[in-house]
Structure formats: C-alpha cells, structure tokens
Amino acid sequence: MTVRLHWFLPTGGDGRTLVDRHAYANNHAAAGVREPDIEYLAQIAKAAERLGFEAVLTPTGTWCEDAWLTTVALAQHTERLKFLVAFRPGVISPTLAAQMAATYQRITRGRLLLNVVTGGDSAEQRRFGDHLGHDLRYARTAEFLSVVRGVWGGQPFDFHGDHYRIDGGLTAVPPDPLPEIFFGGSSAAAGPVAAEHADVYLTWGERPQEVKEKIDWIRSLAEERGRTVKFGIRLHTISRDSAKEAWAAADRLLGDLDDASIAAAQAALGASESVGQQRMLALHGGSRDKLEISPNLWAGVGLVRGGAGTALVGSHGDVADRIEEYHALGIENFVLSGYPHLEEAFWFGEGVTPELAARGLLAG
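All of these numbers come straight from a predicted model, not from anything done at the bench.

1. A few points about the overall build of the chain
And step 1. A count of helices and strands for the chain gives 12 helices and 13 strands.
And step 2. For 364 residues, the compact-globule estimate of 2.2 N^0.38 gives 21 Å, and the chain sits close to it at 20 Å.
And step 3. Summarising its shape, the C-alpha atoms of the chain cover approximately 60 × 45 × 45 Å along the three principal directions.
And step 4. Of all 364 residues assigned to the chain, the portion counted as buried reaches 57%.
And step 5. When the 35 positive and 46 negative side-chain charges of the chain are each reduced to one mean point, those points stand 2 Å apart.

2. Describing the packing of aromatic side chains
And step 1. Counted by the stated rule, this structure contains 8 aromatic pairs.
And step 2. Each ring, one from Trp-7 and one from Phe-53, has its centre 5.2 Å from the other, and the planes form 40°; the classification is tilted. Taken as a pair, Trp-7 in strand β1 (residues 4–8) and Phe-53 in the loop between α1 (38–50) and β2 (55–58) lie far apart in primary sequence, 46 residues in all.
And step 3. Classification of Phe-53 by relative accessible area gives buried; the value is 5%.

3. Quick look at the pairing of strand β9 (residues 230–240)
And step 1. Across the 11 residues of β9, 10 count as buried, placing the element largely inside the fold.
And step 2. Two strands pair when backbone bridges link them, and strand β8 (residues 200–204) and β9 are joined in this way by 5 bridges, in the parallel orientation. The residue of β9 that forms the bridge with Val-200 is Lys-230.
And step 3. Chirality of the crossover, the property in question, places the unit of β8, helix α7 (residues 208–224) and β9 among those that are right-handed.
And step 4. Relative to strand β12 (residues 311–315), β9 is paired through 5 bridges, and the arrangement is parallel. Each residue of the ladder has a partner; that of Arg-240, found in β12, is Ser-315.

4. Some points on the side chain of Thr-11
And step 1. Within the fold, Thr-11 resides in the loop between β1 and α1.
And step 2. When neighbours within four sequence positions are excluded, Thr-11 is seen to be in contact with Pro-36, Leu-41, Thr-58, Pro-59, Trp-63, Cys-64, Glu-65 and Thr-70.

5. A short note on the confidence of the model for the chain
And step 1. When the pLDDT values of the chain are averaged, the result is 93; 96% of them are 70 or greater.
And step 2. Across residues 21–25, where pLDDT falls below 50, the model places 19 contacts with residues more than four positions away in sequence or in other chains.

6. Description of unusual backbone geometry
And step 1. In this structure, the amide linkage connecting Asp-176 to the following residue, Pro-177, adopts the cis form with an omega of 0°.
And step 2. Tracing the sequence through the fold places Pro-177 in the loop between β6 (165–169) and β7 (181–183).
And step 3. The omega torsion of the bond from Tyr-339 to Pro-340 falls at -10°, within 30 degrees of zero and hence cis.
And step 4. Phi at Arg-109 is positive, roughly 60°, even though this residue is not glycine.

7. A short note on the nonpolar core
And step 1. One finds Trp-7, Phe-83, Trp-298, Ile-323, Tyr-326, Phe-334 and Phe-348 to be the most contacted residues of the largest nonpolar core, which totals 95 residues.
And step 2. When neighbours within four sequence positions are excluded, Phe-348 is seen to be in contact with Leu-5, Trp-7, Phe-53, Thr-237, Val-319, Ile-323, Leu-336, Thr-353 and Leu-356.
And step 3. Of all hydrophobic cores here, the second largest spans 10 residues; its members include Phe-8, Ala-55, Ala-86 and Leu-202.

8. Focus: the pattern of salt bridges
And step 1. Taken as a whole and assessed by the stated rule, the structure comprises 25 salt bridges.
And step 2. For Arg-4, the salt bridge is made with Glu-180, and the minimal N-O distance between the two is 2.9 Å. You can see Arg-4 sitting in strand β1 and its partner Glu-180 sitting in the loop between β6 and β7, a full 176 residues away along the chain.
And step 3. Given a relative accessible area of 18%, Glu-180 falls into the buried group.
And step 4. Arg-80 serves as the salt-bridge partner of Glu-79, at 3.9 Å between the closest nitrogen and oxygen.
And step 5. Judged by relative accessible area, which is 65%, Glu-79 ranks as exposed.
And step 6. Of the residues examined, Arg-80 reaches a relative accessible area of 53% and is grouped as exposed.
And step 7. Through salt bridges with shared partners, a single network forms among Arg-4, Glu-54, Lys-82, Glu-180 and Lys-230.

What counts and what doesn't
- Residues numbered from 1 in each chain as written.
- Predicted model: local features only at pLDDT ≥ 70, side-chain atom pairs only at ≥ 80, totals over all residues.
- Heavy atoms only, no water.
- Helix = DSSP H or I, 4+ residues; strand = E, 2+ residues; numbered from the N terminus.
- Rg over C-alpha atoms; globule rule 2.2 N^0.38 Å.
- Buried < 20%, exposed > 50% of the residue type's maximum accessible area, 1.4 Å probe, protein only.
- Lys, Arg positive; Asp, Glu negative; His and termini not counted.
- Charge placed at Lys NZ, Arg CZ, Asp CG, Glu CD.
- Phe/Tyr/Trp six-rings, centres within 6.5 Å; stacked < 30°, edge-to-face > 60°.
- Pairing = 2+ DSSP bridges.
- Right-handed = clockwise from strand over helix to strand, strands pointing away.
- Contact = heavy atoms within 4.5 Å.
- pLDDT = per-residue confidence, 0-100.
- Core = buried A, V, L, I, M, F, W, Y, C linked by side-chain atoms within 4.5 Å.
- Salt bridge = Lys/Arg side-chain N within 4 Å of Asp/Glu carboxyl O.

Encoded structure:
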C-alpha cells in the first residue's frame, strides 16, 4: 500500500490568513481574501497536477462555489488531475446524482471521485430545504448510496425505502470507471453507513492513537459485512526547509487571530451536531495554549475553521515522518491543504513529496 496524495480547492476564498468559510457571508469577499474565480482556482489545480497530487477535494456548502460546476470547468484546464467532489445527498435525487457522475466521467475521461457529506449542521441543511435530524440523515445517506450503486448497474433498478422510492431507476450508460466513494463521520450513526457503502473512510486529523481507534472501528464493521474499506485523513500542512521556519509560519497565522474572532468561531462551531466537529473542538478547547497536541500536529487551524482543524507543522522531513506514521496505521489517502493553497502546494510538493518518494511510499 502506497500513499495517495490529494490537495484542496479553496472555493470559499483563499489568503495568507486562516480564512474561514464565512468570508463571503455578506455577498462579497472579506478584506485580504483571494476570490475563488476560475483563473485563480485553475492556478491551484495546475500546480497540484504539476506537483504530482492525484486529486483535489472541492468542498460543499453555502459559502463555497458549487463543486460540480467548478470542477468540470477546471477539468478543461488540466489533463490528469482528478476531482474529489463533495456533495450533500439529501438535496439531490440519487438517480440524478448517478447520472451526473456518469456524464462527468465521460466528459473528463474518468477523473471523478465522490465525497459524500451527510451534514452535521442543521441550520446549514435547512438552507437547502433539508429538515431531517442528524441520525435520520445518515439513514437516508445509506439509502441514497444503495440507489446510486444500484442505478449504476446498467439495468432498471427498484428501491422502496423509508426515504426513497425508485421505480426502474437507470443510468443508461454507467460511469466507467465507477467513481470511488469517500465518506466520513464519527458518530454511531455514521459507522455502519461507512462500513456498508464507502470505498474510502475519511477522518479528520486527530492524534495517531485516536485515528487508529477509528480505523479499527470501521474495519471491524466492514468485516462484519464482508467488505474491505480503505482509509484517508484530512489535514493541513505547514512544511518548510527547517522546523523553525515552519513553526514561525504557524505563529504568524495564529498572530492574525484576535480573541473576539476565536470566541465567535468557537460559539458557532460549538452548535454543530457533528460528532467529528466536537472532537476537533476538544483538541484545543478554544485556547491558544498547547496547540501542538501531538508531535508536529497543530490544532490552531480549528480555532476559527470548521471541519479539518489540524495541521502537520515542521521541516519537510518532520512532515514526512508524520505521514509515514499515519500510513503505518493504515491510512492510504492524504487529503491536504494549506494557507495560501497555491504557495503551500509548492512547499509540500517540492519539499515533502521527494522525502516520501525516497522512502518508497509513493507509487512509481
């Protein structure tokens, strides 16, 4: 098992500070934000392709550009790069999603990966007309993915569940290849869905022991169902020629945050129903103190950013060490990012990637 490296497209804005997803909340870019226009995103996509990343994750939500439309446009600016498209199953028909994926694969010649986001924030879900509670959303996701895989079979498919009734669902020309399905979730409701339907279970960047516990949990559930699941982790990176330079860059990011901004972000994130988000918040407790929660694992990003809140910080060798450590636990897919995403892609791709290659962790 080798390491698969992926980068991130900041479709909610980018910059030299910890830009959060609410940068466009007032319908215009916040000060200092690089707007996510197609020209800038194409620069990141081309850089990721040049640097050897397999794919780029594109987020979903109110504060982002639509992932499907953005990435299919960027596919015209790249040749090999794949797109890990995040989407919410509760706001689209599963048969339509299956058809969209099939069309996407033909347009891009097989460059689609799917990141299924069940959703942990009821207020966000209601913006899209979804009023189901947390656990019911996961039950619906399980039905959704059953329909998608059934419809991809190329024959009329019937499904009668609690959330979907499909009669003769069909994708006339199934996608080739079938897109891998990435899926995350830390709650008791999420685990069985991942074990039954995910190709890759994706976790946020917790301490290695906590990640191991998650891997063991999902692997056991999958084995009970006669399945094998791959694993991935979502992390930010701050990699430099020396550890001193990397930690200085992290300190600069932290120095740009005032206490009021941290308090407001923590209050908003604390209202989330997401178990994974609550685990992220527990790593730092809203405090600037002791943010290095494990060697080279820094929780400072999560002071203001929802979702992935930890970064690997250190020299290129340090960061490679930590990736090797997670890889030894069973992590194959590393979905990475950094502020700003264009510059940090080069720091990682020109610094850490050669280290990983020298250790035999990358496919030839």
